[in-house]
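Okay, here's what each chain looks like letter by letter:
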Amino acid sequence: MSIIATIMNSATGEPIQKMTFGRMPKPWVRFNLATGELVTAERIQVGKPAPGKFVAPVEIWVTPKA
């Protein structure tokens, strides 16, 4: 089962994009955004699932240069 994560900008608090990972990413994961910029995860936050659901929201916080 793949993980769908929301990539968040830690400087502004705004979502940048959604991304799919094959498994739960590690806190030091490096990946390319849709713009082609290479970023490193600063923190990974896993929320509580909604009532009656089993999928928990995952947020990966990064600081892009641009």
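See above for the structure.
Below, the structure is looked at part by part. Owing to the predicted nature of the structure, the values given are computational and were not obtained by experimental measurement. (Residues numbered from 1 in each chain as written. Predicted model: local features only at pLDDT ≥ 70, side-chain atom pairs only at ≥ 80, totals over all residues. Heavy atoms only, no water.)

As for the sheet that holds strand E2 (residues 15-21)
Then step 1. Taken in spatial order, the four strands of this open sheet run E2-E1-E6-E5, and their pairing is mixed. In the strand order of this sheet, the two ends are held by E2 and strand E5 (43-46), each with one partner. Across this sheet, the average inter-strand angle for adjacent strands is 25°, counted without regard to direction.
Then step 2. Of the pairings in the sheet, the one linking strand E1 (residues 3-9) to E2 comprises six bridges and is antiparallel in character. (Pairing = 2+ DSSP bridges. Helix = DSSP H or I, 4+ residues; strand = E, 2+ residues; numbered from the N terminus. Axes fitted to C-alpha atoms, helices over the stretch in contact; angles between N-to-C directions.)

Remarks on the environment of Ala-11
Then step 1. Take Ala-11: it is sitting in the loop between E1 and E2.
Then step 2. Judged by its relative accessible area of 63%, Ala-11 falls in the exposed class.
Then step 3. Considered as a pair, Ala-11 and Ile-44 are 33 residues apart in the sequence and their alpha carbons are 15 Å apart. (Buried < 20%, exposed > 50% of the residue type's maximum accessible area, 1.4 Å probe, protein only.)

Let's talk about the side chain of Thr-6
Then step 1. Relative to the helices and strands, Thr-6 resides in strand E1.
Then step 2. Exposure remark for Thr-6: the relative accessible area of 15% places this residue in the buried category.
Then step 3. Apart from residues lying up to four places away in sequence, Thr-6 is in contact with Pro-15, Gln-17, Lys-18, Val-58, Glu-59 and Ile-60. (Contact = heavy atoms within 4.5 Å.)

A closer look at the packing of aromatic side chains
The relation between two aromatic rings is expressed through the spacing of the ring centres and the mutual angle of the planes.
Then step 1. In total, this model carries one aromatic pair according to the counting rule given.
Then step 2. Plain terms: the ring middles of Phe-21 and Phe-31 are 5.7 Å apart, the flat faces sit at 80° to each other, and that makes the pair edge-to-face. With Phe-21 in strand E2 and Phe-31 in strand E3 (residues 30-32), this residue pair connects regions lying ten residues apart in the sequence.
Then step 3. Note on Phe-21: relative accessible area 11%, which makes it buried.
Then step 4. Using a relative accessible area of 6% as the deciding quantity, one classes Phe-31 as buried.
Then step 5. Across from the ring centre of Trp-61, 4.4 Å away, lies the NZ or CZ of Arg-43, which sits over that ring. (Phe/Tyr/Trp six-rings, centres within 6.5 Å; stacked < 30°, edge-to-face > 60°. Lys NZ or Arg CZ within 6 Å of the ring centre and 35° of its normal.)

Some remarks on a nonpolar patch on the surface
Then step 1. Judged by side-chain polarity, Met-1, Phe-54 and Val-55 come together as a nonpolar surface patch covering roughly 430 Å² of accessible area.
Then step 2. By secondary structure assignment, the location of Val-55 is in the loop between E5 and strand E6 (58-62).
Then step 3. Exposure remark for Val-55: the relative accessible area of 52% places this residue in the exposed category. (Patch = residues over 30% accessible without salt bridge, like charges linked within 9 Å, V, L, I, M, F, W, Y side chains within 5 Å. Areas by Shrake-Rupley, 256 points an atom, 1.4 Å probe, with all protein chains shown as cover. Salt bridge = Lys/Arg side-chain N within 4 Å of Asp/Glu carboxyl O.)

Some details on the environment of Pro-15
Then step 1. Examined against the element boundaries, Pro-15 turns out to sit in strand E2.
Then step 2. Once the C-alpha coordinates of Pro-15 and Trp-61 are considered, the two residues, 46 residues apart in sequence, prove to be 9.0 Å apart.
Then step 3. Those residues in contact with Pro-15 that lie beyond four places of it in its chain are Thr-6, Ile-7 and Met-8.

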